[in-house]
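# Analysis of the macromolecular model
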Amino acid sequence: MDKGTLVEFRVKGDRRLAVIDRPDGKTSWFVVDERGQSHNIKNNQFTYTVNGQTYKPGEIAEFLSQVQPYLDPSSLEVAWELLIEDGETVTPSQLANILFSESTSPQCYAAHCLLSDDKLYFKQKGDAYEPRSAAQVAERKHQIEVESQKAKGQQEFLARIEQALQGQVVEWQRLDRQRLDALEKYATLLADVVILKVNYDSLARACPPPASVLETMNMLGRSATPQAAFQLLIDLGLWTAHENLFLRRSSISVQFPHQVLEVAQESLDFPPTDLDTNRLDLTHLKVYTIDDESTTEIDDGLSWEVLPDGKERLWVHIADPTRLLIPDDELDLEARKRGSTVYLPTGMIPMFPEVLATGPMSLVQGKVCCALSFGVILDAVGAVADYCIHAGLIKPTYRLTYEDVDEMLELGVQAEPEIEAIANWAKIRKTWRYGQGAISINMPEAMIKVKDDDINIDVLDDSSSRQLVAEMMILAGEVAARYGQTHNIPLPFRGQPQPELPPEEELLLLPAGFVRSCAMRRCMPKSEMSITPVRHAGLGLDTYTQATSPIRRYSDLLTHFQLKAHLRGEGLPFSAEQLKEVMMTVSSITQEATMVERQTNRYYALEYLRRHPEQVWQVTVLMWLREDSNLALILLEDLGLQLPMSFRRSVSLGENLLVKVSLADPQKDMIHFQEIMYQEAQSVTN
């Protein structure tokens, strides 16, 4: 090429014009652009050569000004329509003649620019360009429109994101929700830090972000990691800093489908015909419901009466939700899908819609309620002497809390002798069960509640009222199981294999109290479910099923379905095989719910401790987790929490000591304690 020849090349994709200065060997040239900058360009890097005359670097700007008037991309459509019929290829020079009726250097270069930038009408073929087919152009136009709409949507989404980040109220669009859902799903991977015991870096490497998340985070200039996605959702006001990732990661539905809510409302407005037409009228009995103050699903009540022959009968009345259900109907299938009510520190996720669970399904004080009532006569030592089961009508007299009942028992309220009588039978009953081999393991249990970001932890004490209710529920479970066994009814029976407890002499070597109970608890096998009766070693019963929480546990609901059908003389709604299949499904679901409850409670326990770094806690060393590395399980007695602690000195099981929290990170499931001496604790408290 001659010195002064005008050439085009690309710098990072951008066009650049320059004039040839001199060769650099056989394959490269030194060129000078309009700014006077020199470049070394290889032959194969030139994308166009302007023929016809030579130029100086200072003339490039003038040349470009001559080209500019011809750079109208819409003019290509005219040329395409002329060339498409014959499918002829066209060079920039030929296109200049077609479009501009002449082919001067500026016009040819303009044609080159139009053709090389075009993505719609022509495709390059060597040094020429071939017109695309009509179908190809139509498809390309569609693609361009789609891309344009996508780009527009991205910009609008980004604008709404910026509004939300500034604290403004935003009305998210349908496509926005898809992007935000992808962000939420990616952010929930943080739960794996706890569940799979991996660190943040390993998590980010193992879980690259999906395309939409990567695109969103890049648009916002944020790193595409689960932590960054979590923080973005907080910044947008969509999540809180304590968003329950365990719940979000689970299959548990927080909201009920609209159709289920409609069916629930219809059941409320137009209750179905009660199949139990001969309900036993027990409205003359005093009925006591005893629960925590916050309980809204009241599913059991207690009565006591003296019979004409002087014998005493205990009644355990259980809420009767099955009167509003038919097996496999909309409400039943939704409850089965949920498996149980989920109890979290932040609130509960009910098994049934609230309008039913706290309304006609519950035993409401002062209202005539349907119930499945278990009447039981115990012998002098507490064994079941006689029993009956009826679909009945009751009218709950008192709605009491555990604290109310404890106070009544302590003061000996004469106006309510029924409460004292039930409590006395509960003690006799408990003594009988332990005579049958029941195993007592008393460990403090924490009850964690979160309201308006305030975390409260109370220790559930094993009070007389709680023991009373527990014994009556166990009694109803034994009676229901006996009835099922006698009449060969498949039920979700519950059992527990006989544990292999440490020898008595070995247990006596351990400190009495919590340490000994902890050692026994480790030996207790898991309870199991069966469609045939099986012994429950922990309760000391030869047969047992749960029947007292049908609003809150689907397995209890199954028991009601089966028992009530048999009491009516009808065929059972579930065969043995059907019941077994449903039980397996429900068991899997409830295990997940239990895990979410446990993980959420632990999260808020660690968050509570994080907020009290200066608090001194008295703890007991319960058991070794890894004795060789001085890692033990400790009990924070004031909170009922059991957590791991590494010791820097030798300690003994049962030893009491004082600790403070040195590190608590609930999101990483990390807790570290440091032991403090008594003198240091005194200075802290003072």
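This text follows the structure it describes.
Residues numbered from 1 in each chain as written. Predicted model: local features only at pLDDT ≥ 70, side-chain atom pairs only at ≥ 80, totals over all residues. Heavy atoms only, no water.

What follows deals with the environment of A134. Topologically, A134 is positioned in helix α5 (residues 134-165). On the accessibility criterion, A134 (49% relative accessible area) is partly exposed. Separated by 54 residues in sequence, A134 and W80 place their C-alpha atoms 9.7 Å apart. Each residue touching A134, except ones within four places of it in the same chain, is listed here: W80 and I84. (Helix = DSSP H or I, 4+ residues; strand = E, 2+ residues; numbered from the N terminus. Buried < 20%, exposed > 50% of the residue type's maximum accessible area, 1.4 Å probe, protein only. Contact = heavy atoms within 4.5 Å.)

This next bit is on a nonpolar patch on the surface. On the surface, V78, L82 and I98 cluster together to form a nonpolar patch covering roughly 260 Å² of accessible area. You can see L82 is positioned in helix α2 (residues 75-83). Here L82 falls in the exposed class, since its relative accessible area comes to 55%. (Patch = residues over 30% accessible without salt bridge, like charges linked within 9 Å, V, L, I, M, F, W, Y side chains within 5 Å. Areas by Shrake-Rupley, 256 points an atom, 1.4 Å probe, with all protein chains shown as cover. Salt bridge = Lys/Arg side-chain N within 4 Å of Asp/Glu carboxyl O.)

Counting through the fold element by element, N40 comes out in strand β4 (residues 38-42). On the accessibility criterion, N40 (37% relative accessible area) is partly exposed. A C-alpha to C-alpha distance of 9.9 Å links N40 and R22, two positions 18 residues apart in sequence. Excluding anything up to four places from it in sequence, N40 contacts D24, S28, W29, F30 and Q45. In this structure the side chain of N40 is engaged in a polar contact, spanning 2.6 Å, whose partner is the side chain of D24. (Polar contact = N/O pair within 3.5 Å; in protein donor to acceptor, adjacent residues only side chain to side chain.)

Turning to the pattern of salt bridges, a few remarks are in order. Note on pairing: side chains with opposite charge can pair once their charged atoms come close. One pass over the full model with this rule turns up 44 salt bridges. The closest approach of N and O atoms between E130 and K123, which form a salt bridge, is 3.9 Å. On the accessibility criterion, E130 (19% relative accessible area) is buried. In this structure K123 comes out as partly exposed when scored by relative accessible area, which is 31%. The partner of R611 in a salt bridge is E607, and the shortest N-O contact between them spans 2.9 Å. It is possible to trace a salt-bridge network through shared partners that takes in D274, D276, R279, D320, K564, R568 and E570.

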